[in-house]
Amino acid sequence: MTHGTSSGTSSKKTTGARRARALLAVGVGAGVLIPSVAAATPAAAAVTPTVSCTSAKAGLADKLKRDITAALANRKGTIAVGLYDRSTNTTCTLRASSAFDSASVVKVTVLATLLWDAKKHDRYLTDREVALAKAMITKSDNDATSKLWKQLGMTKIKGFLAAAGMTQTKPGANGYWGLTQITVTDEQKLLKLITARNSVLSDNSRAYILKLMGQVVSSQRWGTPYGVPSGVTVAVKNGWLQRSTHGWRVHSVGAFKGGGHDYMITVLTHGNSTMNYGITTIQGVAKVIHRDLAAS
């Protein structure tokens, strides 16, 4: 009986000690947590992506930053933007390194890889390749893309990406070219290669890519060309894909020349409720970019 009592007392003591330790742990935990939460809040606020612009033209960077930001206000989803204008040395970026499923935008990379590889082997494209390339770019033909993707293979695709310095682009596995991971940074690098002399793509290759991007069927000429001033040439490739996560991916890349400017725009989006919602977001950005550059 005594033993039982003492055991009971010992249990109570042990329980009390445990409770004290638990309370102390909670207290210490709370003490540690509160400052870290307080410290994290400003950091989280600081990394909220904002549009960043620089320009050699006085006042242009501020205007573009303000107008692109306004165009994106109240637009849902995740949106990444890239602008580069050679004429005024103007650059704007938003989420430049965020990765998106490429959808059909990767087709420009496929064509560039095909031409890069042909140049290395000092050969022209075959009639078959010409037909596939045209269908892939002008009509966004998926079967044509799959055939070229398979023909090229991962080694050549990765070889082109390395030559182009597109280090953030990860080709889709198992033939799923539409799930290639792309970023604004790399898409802008590709557009720069297509639109100016370089050692990666020959002048003929660049002209061919721009020609096909200039012949995209009218139903697919939405996105970055929206609001382009008259007299400015347009080369465009768009992509759209719906998946269970992040809703619709809707992307547009475009190169524009004329009116005293030579510029390229990339807008990548996901988390769109519909394809049209994504198109509207992209076109809101494109419209102010074209307008601000035309006025500068």
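Here, every reference points to the structure presented above.
A brief report on the enclosed structure follows. All values reported here derive from a predicted model rather than from experimental measurement. (Residues numbered from 1 in each chain as written. Predicted model: local features only at pLDDT ≥ 70, side-chain atom pairs only at ≥ 80, totals over all residues. Heavy atoms only, no water.)

1. What to know about the pattern of salt bridges
Inspection of the entire model under this criterion finds 11 salt bridges. Here Asp67 and Lys63 are joined by a salt bridge, their closest N and O atoms 3.4 Å apart. With a gap of 4 residues between them, Asp67 and Lys63 both fall in helix H2 (residues 60–72), about one helical turn apart. Residue class for Asp67 comes out buried when judged on its relative accessible area of 13%. Ionic pairing is found between Lys156 and Asp117, a salt bridge with its closest N-O pair at 3.2 Å. With Lys156 in helix H5 (residues 142–164) and Asp117 in helix H3 (residues 107–120), this residue pair connects regions lying 39 residues apart in the sequence. (Salt bridge = Lys/Arg side-chain N within 4 Å of Asp/Glu carboxyl O. Helix = DSSP H or I, 4+ residues; strand = E, 2+ residues; numbered from the N terminus. Buried < 20%, exposed > 50% of the residue type's maximum accessible area, 1.4 Å probe, protein only.)

2. Thoughts on helix H7 (residues 203–213)
Owing to its 3.6 residues per turn, the α-helix brings residues three or four apart onto one side. Along H7, the positions that sit buried rather than exposed are Ser205, Arg206, Tyr208, Ile209, Leu212 and Met213. One face of H7 carries all of its buried residues, which in axial projection span an arc of 160°. Summarising the contacts, the buried residues of H7 are in contact with H3, helix H4 (127–138), helix H6 (184–195), strand S6 (233–242) and strand S7 (248–258). (Arc of directions from axis to C-beta. Contact = heavy atoms within 4.5 Å.)

3. Notes on the layout of surface pockets
The method is simple in principle: a probe with the dimensions of a water molecule rolls over the atoms, and the space it marks as empty is what remains. Estimated volume of the largest pocket: approximately 310 Å³. Every residue lining the largest pocket is listed: Leu115, Ala118, Lys119, Asp122, Arg123, Tyr124, Leu125, Val130, Ser202, Asn204, Ser205 and Tyr208. Those elements that provide at least two residues to the lining of the largest pocket are H3 and H7. Considering only residue class, the lining of the largest pocket consists of 6 nonpolar, 3 polar and 3 charged. (1 Å grid on protein atoms, 1.4 Å probe; cavity = no way out; pocket = protein on both sides within 12 Å on 5 of 7 lines; lining within 4 Å. Points joined across faces, edges and corners; volume = space filled by probe spheres on them. Nonpolar A, V, L, I, M, F, W, Y, C, P; charged D, E, K, R; others polar.)

4. Comments concerning H6
Here H6 spans 16 Å end to end across 12 residues, near enough to the 16 Å set by a 1.5 Å rise per residue. Within H6, 9 of the 12 residues are buried, leaving the element largely enclosed by the surrounding structure. Those residues of H6 not exposed but buried are Val184, Asp186, Glu187, Gln188, Leu190, Leu191, Leu193, Ile194 and Thr195. (Expected span 1.5 Å × (residues − 1).)

5. Some remarks on the environment of Ala286
With respect to the element layout, Ala286 can be found in helix H8 (residues 275–294). With 60 residues separating them along the chain, Ala286 and Tyr226 place their C-alpha atoms 5.9 Å apart. Setting aside chain neighbours within four positions, we find Ala286 in contact with Gly223, Thr224 and Tyr226.

6. Section: the packing of H4 against H7
Taken N-terminus to C-terminus, the directions of H4 and H7 make an angle of 50°; their axes are 9 Å apart at the nearest point. By the angle class used here, H4 and H7 are oblique. Within the contact between the two elements, H4 uses Val130, Ala133, Lys134, Ile137 and Thr138 and H7 uses Tyr208, Leu212 and Met213. Taken together, the residues of the contact of H4 with H7 break down into 6 nonpolar, 1 polar and 1 charged. (Axes fitted to C-alpha atoms, helices over the stretch in contact; angles between N-to-C directions. Parallel < 35°, antiparallel > 145°, perpendicular 65-115°, else oblique.)

7. Regarding the state of the cysteines
Applying the stated criterion across every chain, the model contains 1 disulfide. At a sulfur-sulfur separation of 2.1 Å, the disulfide partner of Cys53 is Cys92. Handedness here is read from the sign of the S-S torsion; for Cys53 and Cys92, about 115°, the answer is right-handed. Taken together, the residues span a long stretch of sequence, with Cys53 in strand S1 (residues 52–54) and Cys92 in strand S3 (residues 90–94) at a distance of 39 residues. By relative accessible area, which is 15% here, Cys53 ends up buried. (Disulfide = S-S within 2.5 Å.)

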